[in-house]
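# Residue-level structural notes
So you can see what is in the structure, the chains are spelled out below.
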Amino acid sequence: MFNKVVLVGNLTRDIELRYTTSGSAIGNSGIALTRIFSVN
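Heads up: these notes are all about the structure in this document. All of these numbers come straight from a predicted model, not from anything done at the bench.

Reading the values: the criteria
Once a new chain begins, its residue numbering starts again from 1 and follows that chain's sequence as written. It should be noted that, the model being predicted, local features are given only for residues of pLDDT at least 70 and side-chain atom pairs only at 80 or more, the latter also being counted only at that level, while totals for whole chains, interfaces and linings use all residues. Hydrogens and water molecules were not included; the side-chain quantities draw on all heavy atoms of the structure. Put simply, DSSP H or I for four residues or longer makes a helix, DSSP E for two residues or longer makes a strand, and each gets a number counted from the N terminus. Relative accessible area decides the class of each residue, using a 1.4 Å probe on protein chains only: under 20% of the type maximum gives buried, over 50% gives exposed, and in between gives partly exposed. Using a 1.4 Å probe, accessible areas were evaluated by the Shrake-Rupley method; residue-level cover was limited to the displayed protein chains. Think of a 1 Å grid over just the protein atoms. A cavity is a set of points where a 1.4 Å probe fits yet cannot get out, a pocket is an open set with protein on both sides within 12 Å along at least five of seven lines, and lining residues have an atom within 4 Å of a point. Grid points are joined across faces, edges and corners, and a volume is the space filled by probe spheres set on the points. In the scheme used here, Gly and all other residues not listed as nonpolar or charged are polar, with Ala, Val, Leu, Ile, Met, Phe, Trp, Tyr, Cys and Pro taken as nonpolar and Asp, Glu, Lys and Arg as charged.

### Focus on the overall build of the chain
Looking only at helices and strands, the chain features 0 helices and 4 strands. The order of helices and strands in the chain, counted from the N terminus, is β-β-β-β. Based on the C-alpha atoms only, the size of the chain along its principal axes is roughly 40 × 30 × 15 Å. Looking at the 40 residues of the chain, the share that counts as buried comes to 2%. Total accessible area computed for the chain in this model is approximately 4400 Å², and 55% of it derives from carbon and sulfur atoms.

### Thoughts on the layout of surface pockets
By volume, the largest pocket is sized at about 150 Å³. Lining the largest pocket, in full, are Val-8, Gly-9, Asn-10, Ala-32, Leu-33, Thr-34, Arg-35 and Phe-37. A class-by-class count of the residues in the lining of the largest pocket yields 4 nonpolar, 3 polar and 1 charged.

Here's what the structure looks like:
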């Protein structure tokens, strides 16, 4: 089962891609948002 996530914004740096010992890929980056969301 997979979850879907949609992120909308501007990337602040290039994606750093690493691999675990089991072969899974992990990406690390930063995102800048221009809207503030709150749940009331």
